[in-house]
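# Coordinates in review
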Amino acid sequence: MSETGAQTVAYVRDTMLPAAPAPQAESGAIRWLRENLFSGPVNTILTLLGIGIVYFLIVTFWDWLAHSVWNAGSLSECREIIAATWGEGARGACWAVIRDRWNQYVFGFYPRDLYWRPTMTMGLMMVALAPVLFAPERRIRRILLVITAAVTLVSMIALSAPAGWLLFAAVMLIGGLVISERNVLWLLPFSVVFPLLGVWLLWGGSLWGPIFVLVGPALGWLAYRAMLRVLPAASVIVAIIVTLLFWLTLAGEAARDAENLLSLSIQSVRSDRFGGFLLSVTIGVSGISLSLPLGIMLALARQSNMFLIKSLAVVFIEFIRGVPLITLLFVASLLLNYFLPPGTTFDIILRVIIMVTLFAAAYMAEVIRGGLAALPKGQYEAADALGLDYWKAQRLIVLPQALKISIPGIVSTFIGMFKDTTLVTFVGLYDPLKSMSDAVRASTDWKGIYWEPYIFVGAIFFLICFGMSRYSMYLERRLQRDHR
Amino acid sequence: METIERQIDRSQMTVSDEVAIDIRAMNKWYGSFHVLRDINLTVYRGERIVIAGPSGSGKSTLIRCINRLEEHQTGDIIVDGIALTSDIKNIDKVRSEVGMVFQHFNLFPHLTVLENCTLAPIWVRKIPRKQAEETAMLFLEKVKIPEQAHKYPGQLSGGQQQRVAIARALCMQPRIMLFDEPTSALDPEMIKEVHDTMIQLAEEGMTMLCVTHEMGFAQAVANRVIFMDQGQIVEQNNPTDFFNNPQSERTRLFLSQILGH
């Protein structure tokens, strides 16, 4: 039949076809193998080569892994056990070093009788994070908080925490769980206060310090309210100035005076006692939570129409990105002291946190700028046309969408930053990877052990970073509603 | 060309002598390109004005100047008695009184239809959420999609999205509505549902400025048609005379091409 014939024959459909089910996909393991692994000569060769490499790796490392020793007091004892069990010349992994030095890896040189304090801080951090990370997911929150409460309380008992603090932790953890079941947003005030509480619990000293740090923004807010009536344009700037002035001039004195009137002190711990994963997590979590808002501000500044603000943002971002992190850390540890007034003690961990935050924020700003650029211009125009001012448009329309687009990049920056916390070894802090493993090897017991500490530290880093990566994928899925 | 079955009853429509928008000797440049040249236009309350013209003639730019999505360089634009200058307060005031509907809808994809409609009333007008939601539902019923209120824009058809966009603009209870080629991105079946909504709006006495290529809509709804070319107003007239007896050569050429005579 010719094509022209088909065109000239009139046709009218009198019944519409109902939807038919899609044909069953052909399945079966054999078919899958043939399609994916043996589809042609090249694929087959590659598959066999791959299997060969995996086999070689397993054969090489299997003995070593299978001959693991978990109970030994020193490397020589480890080797004796391996020789006695699997014969002379057998190789084996000596994980006993981790068992032996677990506390050192986790807490560094933190006073042994105060180990419960970082433990409790970690537990409370989970409560503070619940409304931020898992706001709409009651089930995940419940699992997370129950496990956190159980692990924290059991660890605190095992670490012989004082009864009063144990009660405090129990009230906070179980109270957090109860509130999270009622309405998780009620936990947000705790999330806001937690950083100060955490700093106090980790470093100790007087509670009046954190309290007067909080008084600063409160005064700033009062100034803001007052200025709003007189000169609204300057109110934000005045609020910031009042806050900073209070912190720089009055806060220290006030905290000392209050401490003399009513002592609210716990034993203080110096920064050089921090080490291991406690140090990494402290720097990492602070850096992550500070660099995101700073990165957002920098990204917005770089997109700003105001020349000065834009130029400052560009200079800052390009400078920080162009300099290795180690340089910034050296600046933090050595140079900063020259610029500060003599006699000021500026904590080394705080300095490192500031530098790491600035470093991550510069990268973050570029990642978020990508997200901002990906938004169609119409979104800005629609927000403008509705009469939303700049900040409301950013907060309600632009950032929710731009940040969603940027999630993979943001989390990559977080992961990179968390791994970079090991670089603090260069300014004399005890990071878990280099300094702590060196410290472990410095003892006669564990002299000469290399693989096991590195594998252990690497595995912990992998777990945390993989966790962040999975969280980012979960978040992307959860926010994918506009593509439904 | 699309035909509008429902002509609006013009005898019922009153155009007051109160000025809604006054544009005087307005000029705008993009860099050195003179995009709007000496625009003079007075819009009275209750008028339905259709702006037609070839692409690149400055029609969209003109109505985007009215809510300052574009900045004009010389001349005056006075909307509802407020002069548009670089004063941000006046701009925000004008923007909350003037609703705008875009060619590509520009709904906020991360918010539901209802949230799209309540966002500006809550954050700009400071109306309590519950009340804003009630108003939004009223307008969603008016554009005939109340049942989609809790869906996301991405789940709706183009015509439905544009009607949501109209409802979103109406929720601010504007006194003037601007339409920037509201049906250009829609297929013919959807154009009708959007036009019906706009006709209904016209019948209620809304002051409307509409940039469109749909001459049927202009004939049915407009009380004044403005023809623009090369950044200038070439001709303006009531629709009957505009379509049956165009004065300028340029208008005649345009109409013959667009109407396919």
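Residues numbered from 1 in each chain as written. Chains lettered and ligands numbered in written order. Predicted model: local features only at pLDDT ≥ 70, side-chain atom pairs only at ≥ 80, totals over all residues. Heavy atoms only, no water.

### Observations concerning the overall build of chain B
A tally of regular secondary structure across chain B gives nine helices and ten strands. Relative to the 2.2 N^0.38 estimate, which gives 18 Å for 261 residues, the radius of gyration of chain B is 18 Å and therefore close to what a compact globule would have. With respect to the three principal axes, the spread of C-alpha positions in chain B is 55 × 45 × 35 Å. Expressed as a percentage of contacts within chain B between residues at least 6 apart in sequence, the contacts between residues at least 24 apart total 70%. Where the 27 positive side-chain charges of chain B centre and where its 33 negative ones centre are 4 Å apart. (Helix = DSSP H or I, 4+ residues; strand = E, 2+ residues; numbered from the N terminus. Rg over C-alpha atoms; globule rule 2.2 N^0.38 Å. Contact = heavy atoms within 4.5 Å. Lys, Arg positive; Asp, Glu negative; His and termini not counted. Charge placed at Lys NZ, Arg CZ, Asp CG, Glu CD.)

### Looking at the pattern of salt bridges
Residues and elements named next belong to chain A. If you walk through the whole model with that rule in mind, you get 32 salt bridges over all chains. When the shortest N-O distance is used, the salt bridge between R101 and D100 registers 3.5 Å. Judged by its relative accessible area of 16%, R101 falls in the buried class. Residues E181 and R138 are paired through a salt bridge, measuring 3.8 Å at the closest nitrogen-oxygen approach. Taken together, the positions of E181 in helix α8 (residues 163-182) and R138 in helix α7 (residues 138-158) put the pair 43 residues apart, joining distant regions of the chain. Linked through salt bridges whose partners overlap, the residues forming this network are R302, E318, R321, E366 and R369. (Salt bridge = Lys/Arg side-chain N within 4 Å of Asp/Glu carboxyl O. Buried < 20%, exposed > 50% of the residue type's maximum accessible area, 1.4 Å probe, protein only.)

### Considering the nonpolar core
F274 of chain A together with I21, I23, I51, V79 and L209 of chain B are the most contacted members of the largest nonpolar core, which has 146 residues in total. The residues touching I51 of chain B, leaving out its near neighbours within four places in the chain, are K59, L62, I63, L209, C210, V211, T212, I226 and M228 of chain B. If you look at the next biggest cluster of nonpolar residues, it comprises 47 residues, including V50, L140, V225 and F243 of chain B. (Core = buried A, V, L, I, M, F, W, Y, C linked by side-chain atoms within 4.5 Å.)

### Structural notes on the state of the cysteines
The term disulfide refers to a covalent linkage connecting the sulfur atoms of a pair of cysteines. All names here are of chain A. Taken as a whole and assessed by the stated rule, the structure comprises one disulfide over all chains. One disulfide in the model links C78 with C94; its S-S distance is 1.8 Å. In this structure the cystine formed by C78 and C94 twists about its S-S bond by roughly 95°; its chirality is therefore right-handed. A residue pair is termed long-range when its members are at least 10 positions apart, and C78 in helix α4 (residues 75-86) and C94 in the loop between α4 and α5 (96-107) qualify at 16 residues. You can call C78 buried: its relative accessible area is 1%. The exposure class assigned to C94 is buried, which follows from its relative accessible area of 2%. (Disulfide = S-S within 2.5 Å.)

### A look at the environment of D384 of chain A
Among the secondary structure elements, D384 of chain A is positioned in helix α16 (residues 377-385). With 131 residues separating them in the primary sequence, D384 of chain A and E253 of chain A have C-alpha atoms 47 Å apart. Excluding its chain neighbours within four sequence positions, the residues that come into contact with D384 of chain A are L69 and R95 of chain B.

### Quick notes on α8 of chain A
Residue and element names in this part refer to chain A. The end-to-end C-alpha distance of α8, which contains 20 residues, comes to 28 Å, matching closely the 28 Å that a straight helix rising 1.5 Å per residue would cover. Residues of α8 that are buried: A169, L173, G176, L177 and S180. On an axial view of α8, the arc spanned by its buried residues comes to 95°, and they lie on one face. Opposite the buried face of α8, at more than 90 degrees from it, the exposed residues are A163, G164, L167, V171 and R182. Where α8 is buried, its residues meet α6 (116-133) and α7. (Expected span 1.5 Å × (residues − 1). Arc of directions from axis to C-beta.)

### Observations concerning the interface of chain A and chain B
With 21 residues of chain A in contact, the opposing surface of chain B contributes 23 residues. Across the interface of chain A and chain B, roughly 2100 Å² is buried in total on both sides, 60% from carbon and sulfur atoms. Here chain A and chain B share two salt bridges between them. Note that R64 of chain B is salt-bridged to E381 of chain A, the shortest N-O span being 2.6 Å. (Buried area = accessible area lost by both parts, 1.4 Å probe.)

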